[in-house]
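Listed below, chain by chain, are the residues.
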Amino acid sequence: MAQWEGFRTCPGCGFDLATGEGERSCSWGQCPYLPQELDVYCPDCRFNYFTMEGNPPCEDPMTCDHGVEPRSHIENLRAWIATQPARPAPGRQNLL
């Protein structure tokens, strides 16, 4: 098992690693414990290669040299997300 496969978010953290949305349980700008193999953000402009959201300065983020490593992490993040329990939508209570 790779180290990233055992990664768990901190208790109480509602930050969605894939979308960059949600409430964090800490004051860090990004998760300080996130394994490098799950980081899908461009180190130069913070473009999200998983959601394809952001404002990259390059013409084509999918061919940008800065994105080679983050693009290689997309499959890791997909695999990690598939192993995570479903979270209730923000603002929704679990009524069960």
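In this report, we go over the structure that sits alongside the text.

Basis of the calculations
Residues numbered from 1 in each chain as written. Predicted model: local features only at pLDDT ≥ 70, side-chain atom pairs only at ≥ 80, totals over all residues. Heavy atoms only, no water. Helix = DSSP H or I, 4+ residues; strand = E, 2+ residues; numbered from the N terminus. Contact = heavy atoms within 4.5 Å. Areas by Shrake-Rupley, 256 points an atom, 1.4 Å probe, with all protein chains shown as cover. Salt bridge = Lys/Arg side-chain N within 4 Å of Asp/Glu carboxyl O. Buried < 20%, exposed > 50% of the residue type's maximum accessible area, 1.4 Å probe, protein only. Core = buried A, V, L, I, M, F, W, Y, C linked by side-chain atoms within 4.5 Å. Phe/Tyr/Trp six-rings, centres within 6.5 Å; stacked < 30°, edge-to-face > 60°.

### Focus: the overall build of the protein chain
Now for step 1: Check the secondary structure of the protein chain and you find 2 helices and 0 strands.
Now for step 2: By sequence separation, contacts in the protein chain at least 24 residues apart represent 52% of the contacts at least 6 residues apart.
Now for step 3: Element-wise, carbon and sulfur atoms account for 51% of the exposed surface of the protein chain, whose accessible area totals about 6900 Å².

### Observations concerning the pattern of salt bridges
Now for step 1: One pass over the full model with this rule turns up 1 salt bridge.
Now for step 2: Note that Arg78 and Glu75 form a salt bridge whose closest N and O atoms lie 2.6 Å from each other. Taken together, the residues Arg78 and Glu75, both in helix H2 (residues 74–82) and 3 residues apart, mark about one turn of the helix.
Now for step 3: Among the residues examined, Arg78 registers a relative accessible area of 44% and is labelled partly exposed.

### Here we look at the side chain of His73
Now for step 1: Mapped onto the fold, His73 is located in the loop between helix H1 (68–72) and H2.
Now for step 2: Each residue touching His73, except ones within four places of it in the same chain, is listed here: Gln36, Glu37, Leu38, Asp39 and Val40.

### Things to note about the nonpolar core
Now for step 1: Counting residues in each nonpolar core, the largest one holds 17 residues, and the members touching the most others are Phe7, Leu17, Leu38, Val40, Tyr49, Leu77 and Trp80.
Now for step 2: Residue contacts for Leu17: discarding those within four places in its chain leaves Phe7, Thr9, Leu34, Tyr41, Leu77 and Trp80.

### A look at unusual backbone geometry
Now for step 1: Even without a glycine there, the phi angle at Arg46 is positive, about 70 degrees.
Now for step 2: As for its position among the elements, Arg46 is in the segment before H1.
Now for step 3: We note that Met52 has phi near 60 degrees; this positive angle belongs to a residue other than glycine.
Now for step 4: Residue position: Met52 is located in the segment before H1.
Now for step 5: Owing to a relative accessible area of 41%, Met52 belongs among the partly exposed residues under this scheme.

### Regarding the packing of aromatic side chains
Now for step 1: Enumeration according to the criterion identifies 2 aromatic pairs in this entry.
Now for step 2: An angle of 45 degrees between the planes, with centres 5.6 Å apart, marks the rings of Phe7 and Trp80 as tilted. In this pair, Phe7 sits in the segment before H1 while Trp80 sits in helix H2, placing the two residues 73 residues apart along the sequence.
Now for step 3: Judged by its relative accessible area of 8%, Phe7 is buried.
Now for step 4: According to the relative accessible area criterion, Trp80 is buried, its value standing at 5%.

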